Amino acid sequence: MVAVVNSFLEELANLYLFVIRFFKEVFTPRYELSELAKQCFTIGYKSFPLVAITGFIMGLVLTIQSRPTMAEFGATSWLPAMVAVSIIREIGPVITALIFAGKVGSGIGAELASMKVTEQIDAMEVSGTNPYKYIVVTRVVAATLMLPLLVILGDAVGLYGAYVGVNIKGEVSWTLFWYNVFQKVVFSDVFPALVKTFFFGFSIAIISCYKGYSANSGTEGVGASANSSVVFGSLSIFVIDMLAVQITDLFFTP
Amino acid sequence: MKKSTGDKVKLGIFIVVSLMLFISGVYFLGKKQQLFGSTFRVVALFKDVSGLQIGNNVRFAGINVGVVKNIYLIADSTVRVEMVINDMNRKFMKKSLTAIVGADGLMGNKIMLLLPGVYTAALLENNDVITTAQPIGLDDILKKVKITSDNAASITGDLAAITKNVREGKGTLGKFIMDDKFADNIDHTFTNIKRGTDGFNNNMDAVSHSFFLKRFFKRKNKKALKAKLKVTKIEE
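Residues numbered from 1 in each chain as written. Chains lettered and ligands numbered in written order. Predicted model: local features only at pLDDT ≥ 70, side-chain atom pairs only at ≥ 80, totals over all residues. Heavy atoms only, no water.

**What about the packing of aromatic side chains?**
Residues and elements named next belong to chain A.
And step 1. Considering all chains together, one arrives at 22 aromatic pairs over all chains under this definition.
And step 2. Taken together, a centroid distance of 5.0 Å and an interplanar angle of 15 degrees make the contact between Phe-41 and Tyr-45 stacked.
And step 3. Taking the relative accessible area as the measure of exposure, Phe-41 reaches 6% and is therefore buried.
And step 4. Seen from their ring centres, Trp-174 and Trp-178 are 5.6 Å apart, and the 70 degrees between their planes marks the pair as edge-to-face. (Phe/Tyr/Trp six-rings, centres within 6.5 Å; stacked < 30°, edge-to-face > 60°. Buried < 20%, exposed > 50% of the residue type's maximum accessible area, 1.4 Å probe, protein only.)

**Some details on the pattern of salt bridges**
And step 1. Inspection of the entire model under this criterion finds 13 salt bridges over all chains.
And step 2. Arg-80 of chain B serves as the salt-bridge partner of Glu-82 of chain B, at 3.0 Å between the closest nitrogen and oxygen.
And step 3. On the accessibility criterion, Glu-82 of chain B (7% relative accessible area) is buried.
And step 4. We classify Arg-80 of chain B as partly exposed; its relative accessible area is 23%.
And step 5. A single network of salt bridges, built from pairs that share partners, joins Glu-90, Lys-196 and Asp-241 of chain A. (Salt bridge = Lys/Arg side-chain N within 4 Å of Asp/Glu carboxyl O.)

**So, a positive patch on the surface**
And step 1. A cluster of basic residues, Lys-214, Arg-215, Lys-218, Arg-219, Lys-222, Lys-223, Lys-226 and Lys-230 of chain B, forms a positive patch at the surface.
And step 2. Locating Lys-226 of chain B in the fold gives a position in helix α5 (residues 214-235). (Patch = residues over 30% accessible without salt bridge, like charges linked within 9 Å, V, L, I, M, F, W, Y side chains within 5 Å. Areas by Shrake-Rupley, 256 points an atom, 1.4 Å probe, with all protein chains shown as cover. Lys, Arg positive; Asp, Glu negative; His and termini not counted. Charge placed at Lys NZ, Arg CZ, Asp CG, Glu CD. Helix = DSSP H or I, 4+ residues; strand = E, 2+ residues; numbered from the N terminus.)

**Side note on empty space enclosed by the protein**
If a probe as big as a water molecule is rolled over the atoms, it shows which places are left empty.
Residue and element names in this part refer to chain A.
And step 1. In this structure the tally under the stated criterion is one cavity of 30 Å³ or more.
And step 2. There is about 70 Å³ of room inside the largest cavity.
And step 3. For the largest cavity, the full set of lining residues is Val-51, Gly-55, Met-58, Gly-59, Ile-87, Ile-91, Gly-92, Ile-95, Thr-96, Gly-154, Asp-155 and Gly-158.
And step 4. Elements supplying a minimum of two residues to the lining of the largest cavity: α3 (48-72), α4 (79-117) and α6 (131-169).
And step 5. Looking at which element gives the most residues to the lining of the largest cavity, the answer is α4, with five residues. (1 Å grid on protein atoms, 1.4 Å probe; cavity = no way out; pocket = protein on both sides within 12 Å on 5 of 7 lines; lining within 4 Å. Points joined across faces, edges and corners; volume = space filled by probe spheres on them.)

**Quick look at the packing of helix α2 (residues 33-43) of chain A against α6 of chain A**
All names here are of chain A.
And step 1. At a minimum axis separation of 8 Å, α2 and α6 run at an interaxial angle of 45 degrees. Classed by the angle they form, the pair α2 and α6 counts as oblique. In this structure, α2 crosses over α6, and the sense of that crossing is right-handed. Taking contact as the criterion, the partners of Glu-35, Leu-36, Gln-39, Cys-40 and Ile-43 in α2 are, on α6, Tyr-134, Thr-138, Arg-139, Val-141, Ala-142, Ala-143, Met-146 and Leu-150.
And step 2. Partitioned by chemical class, the residues of the contact of α2 with α6 number nine nonpolar, two polar and two charged. (Axes fitted to C-alpha atoms, helices over the stretch in contact; angles between N-to-C directions. Parallel < 35°, antiparallel > 145°, perpendicular 65-115°, else oblique. Left-handed = near helix turned anticlockwise from the far one by under 90°. Contact = heavy atoms within 4.5 Å. Nonpolar A, V, L, I, M, F, W, Y, C, P; charged D, E, K, R; others polar.)

Here it is, written out as structure tokens:
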């Protein structure tokens, strides 16, 4: 029992040091801009199809599922607004971040772990490159910047899914749908939701990098770090989300 | 190297598209809140705004023309409501406008309704104060309903007292409906009347045969007979 607690605390301390190191390294030159662009491409652009499919289905399903309850109140005309608010405030950021953790988190975890166990990281250090800067900083920055963009796109596709969902059983024109959406959505729905996605992206990437960077030797280590990257990355999303909702509630509740 | 350039272009497109989406979303949200575009400000003073909130729509002729920008108390019984109105509709905003607080449906948000006044009035200037009318709140309606129901209660109370009296046989109506003695009396009265009229008939009979009036009745009979004969003759 004591050993479990100790190892947990040790892990936490190492992660903390890892984060501190990130902030130290991120602001000091030299900046690996070309590697950053490459990572942005792999992390952001290549995740888009996955995010788009998930977003579309979430919008569609949420609309269809909400319709009976709204119909009970005779409020089916509120469906676009309600679905839009739930997508923009919560579903969009969290679902996108979870998908992102599954795709990018496991990728980073496995990649860094295999680099570690095949001693590529050590080799890099010998050759004079700062492996932390080259591998970790670029990936974390890329993920932090790309996830918000993915969430915006995912929200847009999700709203399109909602539009399709509304039109399966009812008839709402394209203009009226967007009018309804923008009628009910306000800035305090959009900005807190967007700000928290930066934290989602950061935590997913930094946890995955940490897990990969500190992988144990052997191929087992690769699997284990890929696995725990996804698990802790997803968990961190929910923890951050819970904190974010408290803070939002504190400042933005009318 | 070539592939990497293509990737960068794709990444650029990805970033531009998502930022454009975000900016257009922000623009549409801001447009609704009248943050962009030229507007002018109108002030109305109310005693009670019955739950109007900042950001509620201002409606003129059924069209949203602006939003409520600011609400605050300036005295014990005066609430200052500032609204911004789209410049597009400025030429219809006359000084004779009346503002009232209405509701958007039974459960909907409060809205600020602007009612048109005199057609010839001058146009509103920025920060002009327009006249207001106190909205008919639910409280007022309930007050009226209370008066009506109080009246109804007193009426039904009176009715109850009357029926109680009737049941106890008090008063004319009560006697009429509930009193057996009264009914017997009426019965007796009718028997008496009947007896009286029988007696009267006998008296009349006796009178008609009496010496003084014999001639009168005979003459009357004769006249009637003659008239009858005449009629039969004409018929023939």
